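# Structural characterization, general
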Amino acid sequence: MAKRRFIKNSAALLLVFFFGSCIGVSADITIRKNGSGFITLEYRISGELESLGKLDGNARWLPVPIGRADFERTVGRIPSMRIASFSTRRQGGDIVNKARLDFGNTGALLKFLDALGTGAGLVSENNGKLLALDFGGGEGAQDPLLAEFAAAAAASYSLELRFDAGAEGEVFLADRDGLKRGTESLPRGWVLQSGRKAVFSAPMGDLLTAAEPVRLRVRWAE
């Protein structure tokens, strides 16, 4: 019984790990001074993954919203958030979903980001705001077999986040103590860009195979 349970749990981990690498995410997040704003999201989903999700019993493995109904269920649980627009198109072998989500306060934004597994938090500090997003890493990230699958599957998929809070923003990575890390050791393909629109970008496979969670921080003045 214990062996069968181990095999089942290992298979579940493999599915989640592999599927996560078959998805590209791009998000523009705009936060107004009163805390309201909007998110423009684009999910690029492998066509094979989208088809597999339609099979009985497979939908629960998919880690992100696949269609409008999925977005409606997610947003419907968050007060002060609504879907302003949604569209779907095919591009090559991928399904590309694009949505604009409006939110009335930063609490709604944090609930949405946290629902996507980012471990989101927002605090006030030194006459400004600090947005914290933690994602990636985990026990399965160190399994050589899973890492090999992820690297192969994620060749053309990435996570790109852009933040606009109406002021100059600083984006950086933090260590486990919350201290700012240097950028000299950033892996190839990673981007950290501060400015009026702060940008973070990294290959999806790197995020899934990270030894520890990626601790992204965005700071701006009020």
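Residues numbered from 1 in each chain as written. Predicted model: local features only at pLDDT ≥ 70, side-chain atom pairs only at ≥ 80, totals over all residues. Heavy atoms only, no water.

Next up on the list: the sheet that holds strand 11 (residues 214–221). In space, the four strands of this open sheet follow the order 5-6-11-8, with antiparallel pairing throughout. Strands at the two margins of the open sheet, each flanked by one partner only, are strand 5 (121–125) and strand 8 (169–173). For this sheet, the mean angle separating the axes of adjacent strands, direction not counted, is 20°. Relative to strand 11, strand 8 runs antiparallel, the two sharing five bridges. Bridge pairing in strand 11 links Gly-169 to Trp-220. (Pairing = 2+ DSSP bridges. Helix = DSSP H or I, 4+ residues; strand = E, 2+ residues; numbered from the N terminus. Axes fitted to C-alpha atoms, helices over the stretch in contact; angles between N-to-C directions.)

With that out of the way, let us pick up the side chain of Ser-26. Within the secondary structure layout, Ser-26 lies in strand 1 (residues 23–31). One polar contact links Ser-26 to Arg-162, side chain to side chain, over a distance of 2.7 Å. Leave out the neighbours within four places in its chain, and Ser-26 touches Thr-40, Leu-41, Glu-42, Glu-160 and Arg-162. (Polar contact = N/O pair within 3.5 Å; in protein donor to acceptor, adjacent residues only side chain to side chain. Contact = heavy atoms within 4.5 Å.)

Within the secondary structure, Leu-159 sits in strand 7 (residues 158–164). For Leu-159, a relative accessible area of 11% puts it in the buried group. In contact with Leu-159, other than residues within four places in its own chain, are Val-25, Phe-135, Phe-200, Ser-201, Ala-202, Met-204 and Leu-207. (Buried < 20%, exposed > 50% of the residue type's maximum accessible area, 1.4 Å probe, protein only.)

As judged from the 10 bridges shared by strand 3 (residues 81–91) and strand 4 (residues 94–103), these two strands associate in the antiparallel manner. The partner of Ser-85 across the bridge, within strand 4, is Arg-100. Here strand 3 folds back onto strand 4, and the loop between the two strands holds two residues, one of which, Gly-92, carries a positive phi near 65°.

Attention now moves to the packing of aromatic side chains. Two descriptors summarise a pair of aromatic rings, namely the distance from one centre to the other and the angle between the planes of the rings. With the rule as written, the count across this model stands at four aromatic pairs. Three or more aromatic residues joined by ring pairs form one cluster here, namely Tyr-43, Phe-71 and Phe-86. When the ring centre of Phe-38 is taken as origin, the NZ or CZ atom of Arg-100, which lies over that ring, is 3.9 Å away. The positively charged end of Lys-180 is found above the aromatic ring belonging to Phe-172, 5.7 Å away from the centroid. (Phe/Tyr/Trp six-rings, centres within 6.5 Å; stacked < 30°, edge-to-face > 60°. Lys NZ or Arg CZ within 6 Å of the ring centre and 35° of its normal.)

What the rule picks out here adds up to 13 salt bridges. Of the charged contacts, one joins Lys-197 and Asp-28 as a salt bridge, the two residues approaching to 3.5 Å between their closest N and O atoms. Placement of Lys-197 in the loop between strand 9 (191–193) and strand 10 (198–203) and of Asp-28 in strand 1 is noted, with a sequence separation of 169 residues between them. Under the relative-accessibility criterion, Lys-197 is labelled partly exposed at 39%. In this structure, Glu-160 and Arg-162 form a salt bridge, with 2.5 Å as the shortest nitrogen-oxygen distance. (Salt bridge = Lys/Arg side-chain N within 4 Å of Asp/Glu carboxyl O.)

By the burial criterion, the buried members of helix 3 (residues 68–76) are Phe-71, Thr-74 and Val-75. Buried residues in helix 3, looked at end-on, bunch into an arc of 90°, giving them a common side. (Arc of directions from axis to C-beta.)

Looking now at the pairing of strand 5. Walk down a regular strand and you will see the side chains alternate between the two sheet faces. Bridge count for strand 5 against strand 6 (residues 128–135) is five bridges, and the pairing is antiparallel. Each bridged residue has a counterpart across the sheet, and for Leu-122 the counterpart in strand 6 is Leu-131.

Mapped onto the secondary structure, Asn-97 falls in strand 4. Judged by relative accessible area, Asn-97 falls into the buried class, the value being 1%. Only 2.7 Å separates the side chain of Asn-97 from the side chain of Thr-88, close enough to count as a polar contact.

Right, let's get into helix 4 (residues 106–115). Taken as a whole, helix 4 has its buried residues at Ala-108, Leu-109, Leu-110, Phe-112 and Leu-113. Looking at where helix 4 begins, the residue whose side-chain oxygen comes 3.1 Å from the main-chain nitrogen of Gly-107 is Asn-105.

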